[in-house]
Amino acid sequence: MTHTKNDFLHSLWDFFCSLKLTMALLIGLALISIIGTIIPQGNLPPEYVQQISPAKLKLYTSLGFFDMYHSWWFILLLYLLTVNLVACSIKRLPHIWKIIKNPVTIFDSSLEKSLPGVVSFPHKDGAAIAKDKVAEVLKSEFAAPLVTEAEGGWHLFAQKTPWCRLAVYCVHLSVIIIFIGAIIGSAFGYKGFVTIMEGETVSKVMSRSNKEIDLGFSLRCEQFSVTHYPSGAPKEFKSILTVLENGQPVPDYTNARVIVNDPLNYKGITFYQSSYGNAGNYFFTVTDLNGKNPVSLTVAGQASVNLPDGSSMHVIEATKDVSQFAAGLTGPAAQVELHAPNGKTESFVVYANHPELNIQHAQQHGSGPVIHYRGAQERMYTGLQVAKDPGVEVVWLGCLLMVVGIYAAFFMSHRRVWVRIQNGAVTIGGNASKNQAGFQLFMERLASKLKTDLSGEEKP
Amino acid sequence: MTSSLLFNVTTFAYLISMLLFFAFLASRTKVLGTAGMLAAYAGLLAQTVAIGLRWKESYDLGVGHAPLSNLYESVVFFAWTIVLIYALLDIKYRYRVIGAFVMPFALLGMAWAQLGLNTGIEPLVPALQSNWLLYHVITCFLGYAAFAVACGISIMYLIKAACESGGECSSGGIMAMFPPIKVLDDLNYRAIMVGFPLLTLGIITGAAWANYAWGTYWSWDPKETWSLIVWFVYAAFLHARFTRGWVGKRAAWLSIIGFAATIFCYLGVNLFLSGLHSYGGGK
Ligand code: HEM
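Along every chain, residues carry numbers that run from 1 in the direction the sequence is written. For naming, the first written chain is A and the first written ligand is 1, with later ones following in the order written. Local features in this predicted model are restricted to residues whose pLDDT is 70 or higher, and side-chain atom pairs enter the listing and the counts only when it is 80 or higher, whereas totals over whole chains, interfaces and linings include all residues. Side-chain measures were taken over the full set of non-hydrogen atoms in the model, leaving aside hydrogen atoms and water.

Caption draft 1: The arrangement of the interface of chain B and chain A in detail. Two residues qualify as a contact provided that any one of their heavy atoms is within 4.5 Å of a heavy atom in the partner residue. Listed per partner, the contact involves 44 residues of chain B and 42 residues of chain A. Take the accessible area each of two parts loses on contact, using a 1.4 Å probe, and add the two losses: that sum is the buried area. In total, chain B and chain A occlude about 3,800 Å² of area from one another, counting both sides; carbon and sulfur atoms represent 73% of this. For chain B, the biggest contributors to the area lost against chain A are Y217, W220 and F232 of chain B; these three give 18% of the whole. When a carboxyl oxygen of Asp or Glu lies within 4 Å of a side-chain nitrogen of Lys or Arg, that pair is called a salt bridge. In this structure, the connection of chain B to chain A is made through zero salt bridges. Any N or O atom pair separated by 3.5 Å or less is treated as a polar contact, with the protein-specific requirement of one donor-capable and one acceptor-capable atom, and with residues adjacent in sequence counted only for side-chain atom pairs. At the junction of chain B with chain A, the criterion picks out four residue pairs in polar contact (both at pLDDT 80 or more). Numbering of helices and strands runs from the N terminus; a helix is a DSSP stretch of H or I covering at least four residues, while a strand is a stretch of E covering at least two. It is helix 6 (residues 181–214) of chain B that contributes the most residues to the side of chain B that touches chain A, 15 residues altogether. Put simply, Ala, Val, Leu, Ile, Met, Phe, Trp, Tyr, Cys and Pro go in the nonpolar bin, Asp, Glu, Lys and Arg in the charged bin, and everything else, Gly too, in the polar bin. Counted by class, the side of chain B that touches chain A contains 33 nonpolar, nine polar and two charged residues.

Caption draft 2: Seen up close, the pairing of strand 20 (residues 415–422) of chain A. Residues and elements named next belong to chain A. Here strand 20 lies mainly inside the structure; seven of its eight residues are buried. In this structure, strand 20 lies alongside strand 21 (residues 425–432), joined through eight bridges in antiparallel fashion. If you follow I421 over to strand 21, its bridge partner there is V426. Following DSSP output, two strands are said to pair if at least two bridges run between them. Counted along the chain from strand 20 to the antiparallel partner strand 21, the turn is two residues long, and its residue N423 has a positive phi close to 55 degrees. Three labels apply to residues, based on accessible area from a 1.4 Å probe with only protein chains included: buried if under 20% of the type maximum, exposed if over 50%, partly exposed otherwise in between.

Caption draft 3: Geometry of the layout of surface pockets. Residues and elements named next belong to chain A. Points on a 1 Å grid over protein atoms alone make up a cavity when a 1.4 Å probe fits among them but cannot get out, and a pocket when they form an open set with protein on both sides within 12 Å along at least five of seven lines; lining residues each have an atom within 4 Å of a point. Grid points are joined across faces, edges and corners, and a volume is the space filled by probe spheres set on the points. Its boundaries defined by the atoms lining it, the second largest pocket holds a volume of some 820 Å³. Lining the second largest pocket are 31 residues; nearest its centre among them are Y276, E317, A318, T319 and E378. Per-element tally for the lining of the second largest pocket: the top contributor is strand 15 (residues 312–319), with five residues. Classifying every residue of the lining of the second largest pocket gives 16 nonpolar, 11 polar and four charged.

Caption draft 4: Focus on empty space enclosed by the protein. All names here are of chain B. Counted by the stated rule, this structure contains one cavity of 30 Å³ or more. The space that makes up the largest cavity amounts to roughly 40 Å³. Lining the largest cavity, in full, are F7, I51, R54, P67, Y72, E73, V76 and F77. Counting residues per element, the ones that place at least two in the lining of the largest cavity are helix 2 (30–60) and helix 3 (71–93). The element that contributes the greatest number of residues to the lining of the largest cavity is helix 3, accounting for four residues. Of the residues assigned to the lining of the largest cavity, the class counts are six nonpolar, no polar and two charged.

Caption draft 5: Quick look at the domain arrangement of chain B. Residue and element names in this part refer to chain B. With domains assigned, chain B is organised as domain 1 (1–118) and domain 2 (146–283). Marked domain ranges trace back to an automatic or database domain assignment. When each unit is reduced to the centre of its C-alpha atoms, the spacing between domain 1 and domain 2 is 20 Å. On the domain 2 side, the residues contacting the 22 residues of domain 1 number 25 residues. Summed over both partners, the interface of domain 1 with domain 2 comes to about 2,100 Å²; 81% of that surface belongs to carbon and sulfur atoms. Joining domain 1 to domain 2, the criterion identifies three residue pairs in polar contact (both at pLDDT 80 or more). Listing elements by their share of the side of domain 1 that touches domain 2, those giving two or more residues are helix 1 (3–27), helix 3 and helix 4 (98–116). In terms of residues, the side of domain 1 that touches domain 2 owes the most to one element, helix 3, which gives nine residues. The class makeup of the residues in the side of domain 1 that touches domain 2 is 18 nonpolar, three polar and one charged.

Pasting the structure below:
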């Protein structure tokens, strides 16, 4: 009974130590991740819900396809990867540790057989003198050697950067550290959103899961502005914000500027410029086609109003100066959307300084009312993304470790050189964990230098 | 002189270079290989100057920014990095034939950019006004370029391996010009050893930028996810050499699949999927 249990544990352990599992997990993760780039994630757009059949919708929902990167099976794969990583490391690390801590310092014949390109030549002076000469050359050309007397000869061992064998484990550890950072972030942080009118103050934000979160301080929007390039493309969205503690402005956080790519951070909570709008009033005058029966209309922000003829209208966008969009025109203009009683919808621009254009538009479209824009009382609001993520530093630490680790794993090499002086001969061999070809060249140079120094041959 | 003239010169030089490499492959005349390499170097030089000029021209227009802001500029930069990485490989290892399998990628990029894309210099939208753009784009594209070179080498590997296992490999044929398959395998690994750290840095700088600008270092946006997919594929490649049954041909296929995923990450995502990244939005 215990026997089969041990067998089972044993094969489970082997399963988790296997690099075939690593290959399967990495390729599996790559393939599975594709799903979430094809199927929309999070809040589904209504058009998508309309085009997909209800059966499919139900199936995908139950499989977690609409939030697949948080689904149990995706997380399970990440856990498997972690277990695989840890198991592989536990299995191999002691061996690597031994290579670093207890290097083989005796150059015996079995080691000699395992090394490529071992060179041997006779030496002239006594063994002790030869040993000192070799030690000197190794020290100046490579690294200070460890000298041992054994088996009736001298054994010299020198090595460089043994610790870079640990780099791979650093990389693997970094993956786990990044996971830990992500877990901390999702457990103790949140993402939210808030809109603030110019001049108003908020102390609560709405999280993505629609929970109200108390900031613990207040935030006032002093001003919001948009600037444009000459072409009319937006150049900068800017909020001026003030942080208040107990109703008092905090000195370093008064009139702070927040633009896209330059957020405000206070007490671990960060505010990002994300959207904006006008919640002020727009003023219009509506008349008949022949200019009779003028009616004043006030449209509040995004709201919709009813016109005398039964159609309804709302403002899409407005500007104080239309000249930057339309050459030859001046003054305020508004783009409005009109829903006629017969269900027709059209969107067009009306002007303050060009009533003739407003009339022309109405006449071209037959009977509708003439709409004149009079201007707006602007009241901008700013939309801020709010984020708190106490795990982010841990993630950066993991990233740093990963980059340093990958560099060391790829571009540094553990190089070892052994020399044996025995029976009147010098034998030299070595190996490297990376770039063997380059190391072989180095070994050839080293051997030929030792040969000229020790065998008494003249340099050619 | 204008940058657009120089970009045309570049495209032409890459075309000549590719044709010379093909002729070299067909005729096995050594001087043709050298000439192909010289044409590639000349193109690289012209392109370097052209990119610098375009940078300066953007300042003359009053919208100064590094020339990495739209699809055209990124494709041009991609072609530049491919030739750069190939030139470094040539200086170090001198296997001229590889040019015949790498220059077509650079030429394809330049030809598409010059003939098919909008070449205008535009001002930066607010979302791109950040130094992170520079770090992010440069590291990503250098990584992509190393993968392009690795893909070319993998194709050579598969051709040579197929020919050797088929036993129809005459010792005097074109195949004799290919490096031995062990060397190709090693070069493939070395190219990916350059590309993988760069891609890793590219993903990290992207995450750092996203965190700085939006407050989330990772939001599973399709482009981010595809870059992770590419990263998984090359991580698998790196582990393949330790795994029985995965060395050789399978590893070469992983490298080719990795590059296909890279191209999808770069272009396909924008053409077929929607997301936060701005290149190739088609506007
Ligand atoms: C399931 C997860 C993983 C396992 C079990 C695993 C295991 C291993 C093992 C056993 C080695 C060989 C070490 C040696 O003897 O030299 C290795 C190398 C390596 N691993 Fe992983 N690994 C995993 C995931 C990753 C990931 C996600 C990365 C991402 C960066 C990574 C990066 C590396 C690198 C860079 C090397 C060195 C490759 C080389 O020197 O050619 N590993 N891994």
